[in-house]
Amino acid sequence: QVQLVESGGGLVQAGDSLRLSCAASGRTFSSYAMGWFRQAPGKEREFVAAITLSGGSTYYADSVKGRFIISSDNSKNTVYLQMNSLKPEDTAIYYCAARRGYWVKLARGYDYWGQGTQVTVSS
């Protein structure tokens, strides 16, 4: 019912910024919670940020709080992740995810996933 496509990744230096986009298809987009997750090679997928589209509330992992901003444009069925003050430890594949209802922090709680976009931060 929902398909997600991420874009905006790339190679940057520490301290730079990137904005990731996630385009979603589906008529029930406004009733979903959207999340951003990331996964580095050999590591588990971890929560980055989430937004509840109906109310616009946002939530962040402690590791990115104050640096990353999640937002949405419901008219465009798109969510964004503005990534500022990037660090080498932010290097990972970033995934957009969606679920019906309220947000959760665990990746297994999300029903739909994009293919991911690579973010690489050099020192």
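What comes next concerns the included structure. None of these values were measured; they are calculated from a predicted model.

## Examining the state of the cysteines
Under the counting rule described, the total for this entry stands at one disulfide. Linked covalently through their sulfurs, Cys22 and Cys96 form a disulfide whose S-S length is 2.1 Å. Between Cys22 and Cys96, the disulfide has an S-S torsion of -80° and is therefore left-handed. With Cys22 in strand E3 (residues 18-25) and Cys96 in strand E9 (residues 92-100), this pair connects stretches of sequence that are 74 residues apart.

## Some words on the sheet that holds strand E7 (residues 68-73)
For sheets, the rule is that strands pair by backbone hydrogen bonds, running either parallel or antiparallel. One open sheet accounts for four strands, arranged E1-E3-E8-E7; its pairing is antiparallel. Sheet topology places strand E1 (3-7) and E7 at the edges, where each strand pairs with a single neighbour. Averaged over neighbouring strand pairs, the angle between their axes works out to 15° when direction is ignored. Sheet topology note: the E3/strand E8 (residues 78-83) ladder contains six bridges and is antiparallel. Within the sheet, the bridge partner assigned to Ala23 lies in E8 and is Thr78.

Cut-offs and rules
- Residues numbered from 1 in each chain as written.
- Predicted model: local features only at pLDDT ≥ 70, side-chain atom pairs only at ≥ 80, totals over all residues.
- Heavy atoms only, no water.
- Disulfide = S-S within 2.5 Å.
- Helix = DSSP H or I, 4+ residues; strand = E, 2+ residues; numbered from the N terminus.
- Pairing = 2+ DSSP bridges.
- Axes fitted to C-alpha atoms, helices over the stretch in contact; angles between N-to-C directions.

Bear in mind that shape data such as this cannot, by itself, settle questions of function.
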